[in-house]
Amino acid sequence: MNIQIVTVGKLKEKYLVQGIAEYLKRLSAYAKVSIVEVPDEKAPEVLSDAEMKQVKDKEGARILAKIPDDAHVIALAIDGKMKSSEEFAADLDKLATYGKSKVTFVIGGSLGLSEAVLKRSNEQISFGRLTLPHQLMRLVLVEQVYRAFRIVRGEPYHK
């Protein structure tokens, strides 16, 4: 399986970089995983609704440019469907089984994802109703993808 994670912004926090690197190393036994960063749109702290839409649209265009036409796209969105780790694992396994070997996960910027990106997605998932920094979401996602492969193969890790 080829998994691509398209995400907005550069990751600067050393502890997150190290954690993600560890899970990417572990995942290399199961899948080819790549992370593609697109620049975040610079914006003032306080934005009008129109300005927020403009920022999301610009980031969205950058995201869409990185998604292969034949990819199954899973957007991480706070309003997406919540799944257990077992459900997430089963869904990834079904994608691989039924010929969807290219999966792209999308993590938006601090304002979320544009309508165009949400429309392009095949599904939207949420890892909970809590708001998490999008940088931390990268670590959570790669850990859950790793966990999913371990669950599918019946290997110890998941508790």
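For the structure itself, consult the block above.
All figures in this text were calculated on a predicted structure; none of them were measured in a lab.

Asker: Would you take a moment to explain the environment of Tyr-30 for this structure?
Answerer: Note that Tyr-30 resides in the loop between helix H1 (14-27) and strand S2 (32-38). A sequence separation of 115 residues divides Tyr-30 from Val-145, and the C-alpha atoms of the two residues are 10.0 Å apart. Discounting chain neighbours no more than four positions away, the residues touching Tyr-30 are Tyr-146, Phe-149, Arg-150, Arg-153 and Glu-155. Within the structure, the side chain of Tyr-30 is placed 2.4 Å from the side chain of Glu-155, a separation counted as a polar contact.

Asker: For this particular structure, what's the right way to read empty space enclosed by the protein?
Answerer: In this approach the atoms are scanned with a rolling probe the size of a water molecule, which exposes any empty space left behind. Taken as a whole, this structure holds one cavity of 30 Å³ or more when the rule is applied. Space inside the largest cavity adds up to approximately 30 Å³. By residue class, the composition of the lining of the largest cavity is four nonpolar, no polar and three charged.

Asker: How should the packing of aromatic side chains be read in this particular structure?
Answerer: The geometry of two aromatic rings is summed up by the distance between their centres and the angle between their planes. All chains considered together, the criterion is met by five aromatic pairs. Ring centres 5.8 Å apart and planes at 55 degrees place the aromatic pair Tyr-23 and Tyr-146 in the tilted group. With a gap of 123 residues between them, Tyr-23 in helix H1 and Tyr-146 in helix H5 (residues 134-152) connect regions that are remote in the sequence. Neither residue differs from the other here; Tyr-23 and Tyr-146 are each classed as buried. Taken together, the aromatic side chains of Tyr-23, Tyr-30, Tyr-146 and Phe-149 make up a single cluster linked through ring pairs.

Asker: In this structure, what is going on with the pattern of salt bridges? I would like to understand it.
Answerer: It is possible for side chains bearing opposite charge to pair when their charged atoms get close. Tallied over the full model, the rule gives 14 salt bridges. A salt bridge links Arg-26 to Glu-22; the nearest nitrogen and oxygen atoms lie 3.0 Å apart. Taken as a pair, Arg-26 and Glu-22 lie in helix H1 at a separation of four residues, close to a single helical turn. A salt bridge links Glu-155 to Arg-150, with the nearest nitrogen and oxygen atoms 3.2 Å apart.

What counts and what doesn't
Residues numbered from 1 in each chain as written. Predicted model: local features only at pLDDT ≥ 70, side-chain atom pairs only at ≥ 80, totals over all residues. Heavy atoms only, no water. Helix = DSSP H or I, 4+ residues; strand = E, 2+ residues; numbered from the N terminus. Contact = heavy atoms within 4.5 Å. Polar contact = N/O pair within 3.5 Å; in protein donor to acceptor, adjacent residues only side chain to side chain. 1 Å grid on protein atoms, 1.4 Å probe; cavity = no way out; pocket = protein on both sides within 12 Å on 5 of 7 lines; lining within 4 Å. Points joined across faces, edges and corners; volume = space filled by probe spheres on them. Nonpolar A, V, L, I, M, F, W, Y, C, P; charged D, E, K, R; others polar. Phe/Tyr/Trp six-rings, centres within 6.5 Å; stacked < 30°, edge-to-face > 60°. Buried < 20%, exposed > 50% of the residue type's maximum accessible area, 1.4 Å probe, protein only. Salt bridge = Lys/Arg side-chain N within 4 Å of Asp/Glu carboxyl O.

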